[in-house]
Amino acid sequence: MEDLIIGSHVSYNKKEGLVGSVKEALSYGENTFMFYTGAPQNTVRGPIDENVVNEAKKIMKENNIDINNVVIHAPYIVNLANDKEPEKFNFAVNFLKGEVSRAKKLGINLIVLHPGSHVGLGKERGLDNIIKGLNIVLSEKEGPVICLETMAGKGTEVGTTFEDLKYIIDGIENQNRIKVCIDTCHIHDAGYDLNNFDEVLEKFDKIIGLNKIGCMHINDSKNEINAHKDRHDNIGFGKIGFDNLMKIIYHEKLKGIPKILETPYVSEKEGEKDHTYPPYKFEIAMIRNKKYDKNLLSEIRNYYK
Ligand code: FE
Ligand code: FE
Ligand code: ZN
C-alpha cells in the first residue's frame, strides 16, 4: 500500500453514480476521492443502484483504491447546531441518518460533516445541540464514522478550535464512530500557524489525539492567518504556501491518512472569476513531484482549452 493517500473532491451524478466519481478520480491520478451524494447546497438525494456500486468497487480494486479511504462530504447546509426551530433540527438529524445509510449502501466508511453554526444561540448551546443530534445519528454501535471538520470561523460557525471539537467528541456515546477532518485552509483561517505545523499537531494530539484524525482536506488559503474567511486557494498559490503544505502532506505522523484537495477550479483566463478547469491532475502531479511549479495554473489552462 502506498503511503501517500491523495485525492480530490470529484463529482457524483445521477447517471453514472459512484462509477463516474471513481473514473474522474483515476483521470487525475488519485488513489482516493471525496464526493457529495447529491448537490452540496441541497438535500435532494436519489436512490443508489447496487449494480453501479459493484461496478465502482470492481474498478477501485483493479486500480488499488481502498474504499476505506474514500470520503463522503455531507451537504454544508445541514446544521445540527441550531435548534431554534425543532422541525429544522429534526430534518438535519433525519437527513444525516439518510446519509449514513447511503454511505453504508455505497460501502463507504468516512463522512465529513461541518459541525454547524450557532446562529446567535451561543457557542455552548450550539455545541450541545450537535452532541444531541449526533448521538441520534450515530445511535448504532457499528457503522460509518463521522469526521467533524475543523472550521474557519465564518459567521457563527462552531468547531473552529480543537477544544470545541474535543467538547463535541467527549459527548458522543459511540466513540468508534466519531473522528475529525483537519482542513488546512480552515485551521490557518482559524488562527493556527502552519509555519509551525509540528506545534499545531502536538496541540491537536494533546487535546484530541492523533488517532482521531479520520481524513484531511489539503487546501491553500487566499487569506492571512486568522482571517476567518474560508476561501481556498490552489496548492502553493496562497498564504499557507507550498513548503508548509508539503510538510503536512508528507508528515511522518499523518502517513496513510486520506488527504483530499478542495482547491478551486482554474479560470479560463488569468485574473477572471470563472471556475472552469479542474486543477487536481496537475496539483497532484506537483505534489508527487515535490517541486513547486509557479507556472502550474497556465499549464492547466493550456491542457484543457
Ligand atoms: Fe467541508
Ligand atoms: Fe474542507
Ligand atoms: Zn472551506
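Above this text you will find the structure in question.
Numbering of residues starts from 1 in every chain and runs along the sequence as written. All chains are assigned letters beginning at A, and all ligands numbers beginning at 1, according to the order in which they are written. The predicted origin of the model limits local features to residues at a pLDDT of at least 70 and limits the giving and counting of side-chain atom pairs to 80 or more, whereas totals for whole chains, interfaces and linings rest on all residues. Side-chain figures throughout are based on the complete set of non-hydrogen atoms in the structure, without hydrogens or water.

Would you explain the coordination of the iron ion (ligand 2) in this entry?
Reference geometry at the metal: tetrahedral coordination by four donors gives ideal angles of 109.5 degrees; octahedral coordination by six donors gives 90 or 180 degrees. Donor atoms: N, O and S within 2.8 Å of the metal, or within 3.2 Å for Na, K and Ca. Because water is excluded, sites can look incomplete. In the first shell of the iron ion (ligand 2), the protein supplies E149 (OE), D183 (OD), H217 (ND1) and E262 (OE), at 2.0 to 2.2 Å from the metal. By the criteria applied here, four donors are tetrahedral when all angles lie between 85 and 135 degrees, four are square planar and six octahedral when opposite donors are over 155 degrees apart and every other angle lies between 65 and 115, and any other arrangement is irregular. Coordination at the iron ion (ligand 2) is irregular: its 4 donor atoms span angles of 82 to 172° at the metal. Mapped onto the sequence, the donors of the iron ion (ligand 2) take the spacing E-x33-D-x33-H-x44-E. The iron ion (ligand 1) is placed at 3.3 Å from the iron ion (ligand 2), the two being bridged by E149. Here D183, found in strand β6 (residues 178-183), pairs with H217, found in strand β7 (residues 213-218); they are 34 residues apart in sequence, far enough to count as distant. The cut-offs for exposure are 20% and 50% of the maximum accessible area for each residue type, with area from a 1.4 Å probe on protein chains only; residues under the lower value are buried, those over the upper are exposed, and the others partly exposed. Residue H217 is classed as buried on the basis of its relative accessible area of 0%. Note on conventions: DSSP H or I runs of at least 4 residues are helices, E runs of at least 2 residues are strands, and numbering of each starts at the N terminus.

Where do I start with the sheet that holds strand β10 (residues 259-261) in this structure?
Whether parallel or antiparallel, the strands of a sheet pair through hydrogen bonds between backbone atoms. Overall, parallel pairing links the 8 strands, which are arranged β1-β2-β3-β4-β5-β6-β7-β10 in a closed barrel. Strand-to-strand, the axes of this sheet are offset by a mean angle of 30°, without reference to chain direction. Here the rule is simple: two strands pair whenever DSSP picks up at least two bridges between them. Across 4 bridges, strand β5 (residues 145-149) lies against β6 in parallel orientation. Bridge pairing in β6 links C147 to K179. Helix axes are fitted only over the stretch in contact, all axes being lines through C-alpha atoms; the angle between N-to-C directions runs from 0 to 180 degrees.

Hey, could you run me through unusual backbone geometry in this one?
Negative phi characterises most residues that are not glycine, and trans characterises most peptide bonds. With phi around 45°, V119 is a residue other than glycine that occupies positive phi space. Checked against the element boundaries, V119 lands in the loop between β4 (110-113) and α4 (123-137). According to the relative accessible area criterion, V119 is partly exposed, its value standing at 35%. At D230, a residue that is not glycine, the phi angle is positive and equals roughly 65°. Under the relative-accessibility criterion, D230 is labelled buried at 16%.

Please explain the nonpolar core as it appears in this structure.
In summary, soluble globular proteins display a tendency toward joint burial of nonpolar side chains. Remark: nonpolar core denotes a set of buried residues (Ala, Val, Leu, Ile, Met, Phe, Trp, Tyr, Cys) joined through side-chain atoms within 4.5 Å. If you look at the biggest cluster of nonpolar residues, it comprises 84 residues, and the most contacted ones within it are L18, F33, F35 and L134. Counting residues in each nonpolar core, the second largest holds 9 residues, with V71, L110, C147 and C215 among its members.

Quick question: what am I supposed to make of the pattern of salt bridges here?
Between side chains of opposite charge, a pair can form when the charged atoms approach closely. The term salt bridge refers to a pairing of a side-chain nitrogen on Lys or Arg with a carboxyl oxygen on Asp or Glu at a separation within 4 Å. Tallied over the entire structure, the rule returns 12 salt bridges. Among the ionic pairs, K154 bridges to D230, the shortest N-O distance being 3.8 Å. Here K154 is found in the loop between β5 and α5 (162-170), whereas its partner D230 is found in the loop between β8 (220-221) and β9 (232-233), with 76 residues between them in sequence. Given the relative accessible area of 37%, K154 is considered partly exposed. Across the salt bridge formed by D170 and K166, the nearest N and O atoms sit 3.1 Å from each other. Pair noted here: D170 and K166 are both in helix α5, with a separation of 4 residues, about one helical turn. Looking at D170, the relative accessible area reads 52%, which means it is exposed.

Any chance you could explain the packing of aromatic side chains here in plain terms?
Any pair of aromatic rings gets described here by the distance separating the centres and the angle formed by the planes. Centres within 6.5 Å are what make two rings of Phe, Tyr or Trp a pair, Trp counting through its six-membered ring; a difference in plane orientation under 30 degrees is then read as stacked, over 60 as edge-to-face, and the rest as tilted. Throughout the structure, instances matching the rule amount to 12 aromatic pairs. Where F162 meets F204, the ring centres are 5.1 Å apart and the plane angle is 80°; that geometry is what we call edge-to-face. Here F162 is found in helix α5, whereas its partner F204 is found in helix α7 (residues 197-207), with 42 residues between them in sequence. Per residue, the accessibility class of F162 equals that of F204, and both read buried. Ring geometry for F242 and Y292: centres 5.5 Å apart, planes at 45°, overall tilted. Of this pair, F242 sits in helix α8 (residues 242-249) while Y292 sits in the loop between α9 (280-289) and α10 (296-304), and the two are 50 residues apart along the sequence. F242 gets classed as buried once you look at its relative accessible area, which sits at 8%. For Y292, a relative accessible area of 34% gives the class partly exposed. Aromatic ring contacts, followed pair by pair, group Y277, F282, Y303 and Y304 into a single cluster. By definition here, charges over rings are those cases where NZ of Lys or CZ of Arg is within 6 Å of the ring centre and within 35 degrees of the ring normal. Over the ring of F89 we find K132; its NZ or CZ atom is 4.9 Å from the centre of that ring.

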